[in-house]
Every structure is written in C-alpha cells, then in structure tokens.
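Overview (structure and organization)
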Amino acid sequence: GASPILFDGTVLPRSIVVNAISHLDGEIEASSSILTSMATSSPAPTLEQERLEARSRQCRAARRYLLDAFGIPEGTIPRDVGSEAAAPTTVRGSYYVGASVVHSRSHSSAADDGGVSRAM
C-alpha cells in the first residue's frame, strides 16, 4: 500500500476520515492475528510473515498520518464505526475536518512558521 496523499488544507467529511482509520484498524488487527498464529507454528520468520509485518507497519504509519494530519486525537475513533451496528452518533466532532500537513523546510513555501502550513 502507498501512503495517503493529502494536500494542506484538504477538507473532508469527518466520517470519511474516521472510516479510513477504522479500515486501517481492521487491517492492523487482522495482520496481528495472523502473525500471532504464524509465530506459534514457525520459529523462524518466513517471507509471508515479513510481508505481513511490512503491511502492518504501513497501515500503522498511514493511520498515524491521518490522525496527525486531521488533528483527530488518539482513542476517539470507536472500534465499531465501520460496522452496520454502529450508531450514527458514534462519530463525534465537527462534520468536516481539514488537513494540516507539515512540510520539510526545503519543500515549504512558508518562511517564518517553521515549515508548518495552516489548514484553516
């Protein structure tokens, strides 16, 4: 998987971002479960285990990126938000969220703000 591409100031409905994070949570949990069962059957890492570990790291990095870029605090995403049983009120906060993407100094057009672009 590739890293998500977001432009500074991107505005999305909160539900889309929360659903993406919930999907990544599911991928992370599934990879972890499979890796745990594989670890008990094979003492040495296999190519499949290494691929699953890499996929899990990518998902965790993408999840962290979305949380940071949209300013969503850790622990505020309900685990069941992607399921049909989730109530519509489980996603709290404003309807829209805006991305604030931090750029490295060499790529930023911002001169005096330390390379941080403001979303809104």
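These notes cover the structure that comes with them.

This part takes up helix H2 (residues 47-69). Over its 23 residues, H2 runs 33 Å from end to end, which matches the ideal 33 Å to within 8%, given 1.5 Å per residue. Considered for burial, the residues of H2 that qualify are Gln49, Leu52, Ser56, Cys59, Ala62, Arg63, Leu66, Leu67 and Ala69. Just downstream of H2 lies Gly71, where phi reads positive at about 65 degrees.

On to the nonpolar core, then. Counting 16 residues, the largest nonpolar core has Val17, Ile21, Phe70, Ile72 and Ile77 as the members making the most contacts within it. Among the elements of the structure, helix H1 (14-41) and H2 are those that each provide at least two residues to this core. Not counting residues within four places of it along the chain, the set of residues in contact with Ile77 comprises Val18, Ile21, Ser22, Leu67 and Ile72.

A separate point is the packing of H1 against H2. One way to put it is that H1 packs onto H2 with a least axis distance of 9 Å and a crossing angle of 155 degrees. When the axes of H1 and H2 are compared, the pair comes out roughly antiparallel. Between H1 and H2 the crossing geometry is left-handed. Of the residues in H2, those in contact with Ala20, Ile21, Leu24, Asp25, Glu27, Ile28, Ser31, Ile34, Leu35, Met38 and Ala39 of H1 are Glu48, Gln49, Leu52, Glu53, Arg55, Ser56, Cys59, Arg60, Ala62, Arg63, Leu66 and Leu67. Taken together, the residues that form the contact of H1 with H2 break down as 13 nonpolar, three polar and seven charged.

Reading the values: rules and limits
- For every chain, the first residue of its written sequence is number 1, and the numbers climb from 1 along that sequence.
- With pLDDT at 70 or above as the cut-off, local features in this predicted model cover only qualifying residues; side-chain atom pairs require 80 or more to be listed or tallied, and sums for whole chains, interfaces and linings still use all residues.
- Just so you know, side-chain values use all the structure's heavy atoms and leave hydrogens and water out.
- Going along the chain from the N terminus, every DSSP run of H or I of four or more residues is numbered as a helix, and every run of E of two or more is numbered as a strand.
- For a helix, the expected span equals 1.5 Å multiplied by the residue count minus one.
- Only protein chains enter the area calculation, which uses a 1.4 Å probe; residues under 20% of their type maximum are buried, those over 50% are exposed, and those in between are partly exposed.
- Note on terminology: a nonpolar core comprises buried Ala, Val, Leu, Ile, Met, Phe, Trp, Tyr and Cys residues joined through side-chain atoms within 4.5 Å.
- Residue contacts are defined here by distance: any two heavy atoms, one from each residue, within 4.5 Å place the two residues in contact.
- For helices, the fitted axis covers only the stretch in contact; all axes are lines through C-alpha atoms, and the angles between them, taken along N-to-C directions, range from 0 to 180 degrees.
- Angle categories: roughly parallel below 35 degrees, roughly antiparallel above 145, roughly perpendicular from 65 to 115, and oblique for all the rest.
- The sense of a crossing depends on the near helix, which, turned anticlockwise from the far helix by less than a right angle, makes the crossing left-handed and, turned clockwise, makes it right-handed.
- Gly is put with the polar residues, along with every residue not named as nonpolar or charged; the nonpolar set is Ala, Val, Leu, Ile, Met, Phe, Trp, Tyr, Cys and Pro, and the charged set is Asp, Glu, Lys and Arg.

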